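The residues making up each chain are set out below.
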Amino acid sequence: MDFLCEHVVPRKKEGLYRFAKTAIIASWIIVPLFIILVCMALINIFELDFLWISLFFIPLFAWLGAKIGPITAAYGEVAYEYSISVGDMEFAKIYGDRFRRKWFCLKVSEMEVIAPYTGAYADKADNGTYDRIYKAISSFSAPNIYYGTWKDEDGKSCIVFFEMIPKSLKLCRSYNHNTVMSTLVVRDGTDRGE
């Protein structure tokens, strides 16, 4: 039996999130133009002879946009990764396939519930009160959404939504016997019960 499982799901482009990358790129054009126009307006209002000040901003913003713009645009595309290793479940966010940031980590054995987000189990998740809610799913319309609840080191009630795959379901079951088993739909569209 393998003792390591990793799974990555890109966030689905829906709602306002679909405009995130475009807004970041557009801000690198709109904000510098606005600052340059404000500088030129101030020069005209106060009749200053410092036109070179506003002209200085043009190459500065062009250089910043070329160097930092692509880096910040990566934050407009988010993917969620979780890995299960030796009983620990670690979640991370991956931005634009460039930057990986650790999000949080928990012990699978300390989770109170690991269940599919369907039927009566979904009602339990929706009716609970949680201090922290983590969504590590592509969309709530995705298949195989599971949730897990636990109390963190501060005693706060937490819930995480994630997309289960057969291998991670086996590992969750081996580290936490309260895991609710269900039939999972694998990527080729077939059902696979574990």
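See the structure above.
To keep things clear, this report deals only with the structure shown in the data block. Keep in mind it's a predicted model, so treat the numbers as computed, not measured.

Rules used throughout
Residues numbered from 1 in each chain as written. Predicted model: local features only at pLDDT ≥ 70, side-chain atom pairs only at ≥ 80, totals over all residues. Heavy atoms only, no water. Helix = DSSP H or I, 4+ residues; strand = E, 2+ residues; numbered from the N terminus. Buried < 20%, exposed > 50% of the residue type's maximum accessible area, 1.4 Å probe, protein only. Phe/Tyr/Trp six-rings, centres within 6.5 Å; stacked < 30°, edge-to-face > 60°. Lys NZ or Arg CZ within 6 Å of the ring centre and 35° of its normal.

## As for the side chain of Ser-157
Inference 1: As for its placement among the helices and strands, Ser-157 is situated in strand 8 (residues 157–163).
Inference 2: Overall, Ser-157 belongs to the buried group, its relative accessible area being 13%.

## Looking at unusual backbone geometry
Inference 1: Look at Val-86: it is not a glycine, yet its phi comes out positive at around 50 degrees.
Inference 2: On the secondary structure map, Val-86 appears in the loop between strand 2 (78–85) and strand 3 (88–95).
Inference 3: When its relative accessible area of 62% is taken as the criterion, Val-86 is described as exposed.
Inference 4: A positive phi is found at Asp-97, a non-glycine position, where the angle reads about 55 degrees.
Inference 5: Along the polypeptide, Asp-97 turns up in the loop between strand 3 and strand 4 (99–107).
Inference 6: Taking relative accessible area as the criterion, Asp-97 reaches 73% and is therefore assigned exposed.

## Some words on the packing of aromatic side chains
Inference 1: Inspection of every chain in the model, using the stated rule, returns 17 aromatic pairs.
Inference 2: Consider the rings of Tyr-82 and Phe-162, whose centres lie 5.3 Å apart with planes at 70 degrees: the pair is edge-to-face. Of this pair, Tyr-82 sits in strand 2 while Phe-162 sits in strand 8; the two residues are 80 residues apart in sequence, bridging distant segments of the chain.
Inference 3: Here Phe-162 falls in the buried class, since its relative accessible area comes to 0%.
Inference 4: Seen from their ring centres, Tyr-117 and Phe-161 are 5.1 Å apart, and the 80 degrees between their planes marks the pair as edge-to-face. Placement of the pair is Tyr-117 in the loop between strand 5 (113–116) and helix 3 (119–127) and Phe-161 in strand 8, with a sequence separation of 44 residues.
Inference 5: Given the relative accessible area of 6%, Phe-161 is considered buried.
Inference 6: One aromatic cluster is present, formed by Tyr-80, Tyr-82, Phe-91, Trp-103, Phe-104, Tyr-134, Trp-150 and Phe-162 through successive ring pairs.
Inference 7: The positively charged end of Arg-11 is found above the aromatic ring belonging to Tyr-17, 4.2 Å away from the centroid.

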